[in-house]
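# A closer look at the structure
Residues per chain, in single letters:
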Amino acid sequence: MLKKNTIFKILTGVFWVAIGSGVLVLLVSAVNAEKLETCKSIEFTYEGDSSYQMVTSEEVIQSVWPSHASERPEGKKVTSFDLFKIEQQIEKNPWIKDADVYFDHHSVMHINVRQRKPLARLFTPEGSSVFLDADYKTMPVKTSDVLELPVFTNFSIKDNKLTAEDSATMDRIISLSGYVSSDEFWMAQVEAVNIQYDGSFELSMQLGDESVNLGKRSDWDKLFPKLKRTCEKFSLDHSWGKYDRIDLQYKNQIENL
């Protein structure tokens, strides 16, 4: 009886050793096979607002492989790529918020790109122009841009760290741009928002020569209905151009009317 138990234990041990050896052989084979796999192709996916695309696949390829005719990844070993470094390089593009690069089981390289969403167009005192997103990031304007966004003028771009005042101004730019963009009437009526030296906002309107001083307010849902009533009054009594300035910087006050 003892001998049978001993033989059984030995056979069981041999069985599991064989299983383990087989698994090890398969793993080694899989690793070796993976080392030999080459990139078959590249597929791009763009996430975000589908109404615009500010980054092309060719731009992404050139940013990672500048001499792409000879450096393109197709045909190169999958294990030769540092995917993290490729993501970092792609994200240097100011229009790209983040990128995700990976290979699928068919050895196809997938590059998923999430574009930044522009919320406002800014003009500097020197006349240059950029777009601004919700992260306070600026994106360069391209010749192919056809985006209709609220325009803000006299915006000073600083290379150093944003001050609390800068952040407050950008917050107001983003919130005002969102308010105007969501209303067809105001998108048609507001020609530009001029940023004054003290950070206050002043509107240039499509109709009339009046400037509208918003001060440093940000309660747009209270301020703009009042302004709309004023515009309607001007239209009814044909008084556009009668006043030089409409002042809404203080609550419950409209000067020069």
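Structure's up top.
The rules behind these values
Residues numbered from 1 in each chain as written. Predicted model: local features only at pLDDT ≥ 70, side-chain atom pairs only at ≥ 80, totals over all residues. Heavy atoms only, no water. Phe/Tyr/Trp six-rings, centres within 6.5 Å; stacked < 30°, edge-to-face > 60°. Buried < 20%, exposed > 50% of the residue type's maximum accessible area, 1.4 Å probe, protein only. Helix = DSSP H or I, 4+ residues; strand = E, 2+ residues; numbered from the N terminus. Pairing = 2+ DSSP bridges. Arc of directions from axis to C-beta. Polar contact = N/O pair within 3.5 Å; in protein donor to acceptor, adjacent residues only side chain to side chain.

## A look at the packing of aromatic side chains
In this structure the tally under the stated criterion is eight aromatic pairs. Ring geometry for Phe185 versus Trp186: centroids 4.8 Å apart, planes at 80°, classification edge-to-face. Taking relative accessible area as the criterion, Trp186 reaches 1% and is therefore assigned buried. Judged by centre distance (6.1 Å) and plane angle (65°), the rings of Trp220 and Phe224 are edge-to-face.

## Quick word on the pairing of strand β9 (residues 201–205)
When you tally the buried positions in β9, you get four out of five residues, the bulk of the element. As paired elements, strand β8 (residues 190–195) and β9 share five bridges and run antiparallel to each other. Each bridged residue has a counterpart across the sheet, and for Val190 the counterpart in β9 is Met205. Between β8 and β9, which pair antiparallel in sequence order, lie five residues; one of them, Gly199, sits at a positive phi of approximately 90°. Note: β9 against strand β10 (residues 211–215), four bridges, orientation antiparallel. Bridged to Leu203 within β10 is Val212.

## Concerning helix α4 (residues 83–90)
Within α4, burial applies to Ile86, Glu87 and Ile90. Buried residues of α4, seen end-on, are gathered within an arc of 100° and therefore sit on one face of the element. Exposed and oriented more than 90 degrees from the buried face of α4 are Phe84 and Lys85. Residue Asp82 occupies the N-cap position of α4, its side-chain oxygen lying 3.3 Å from the main-chain nitrogen of Phe84.

## Looking at the pairing of strand β3 (residues 108–115)
In terms of burial, β3 is largely enclosed, as seven of its eight residues are buried. One ladder, built from seven bridges, connects strand β1 (residues 41–47) with β3; its direction is parallel. In the sheet register, Ile42 faces β3, and the bridge partner there is Met109. The pairing of strand β2 (residues 96–103) with β3 spans seven bridges and is antiparallel. Directly across from Asp100, in β3, lies its bridge partner Asn112.

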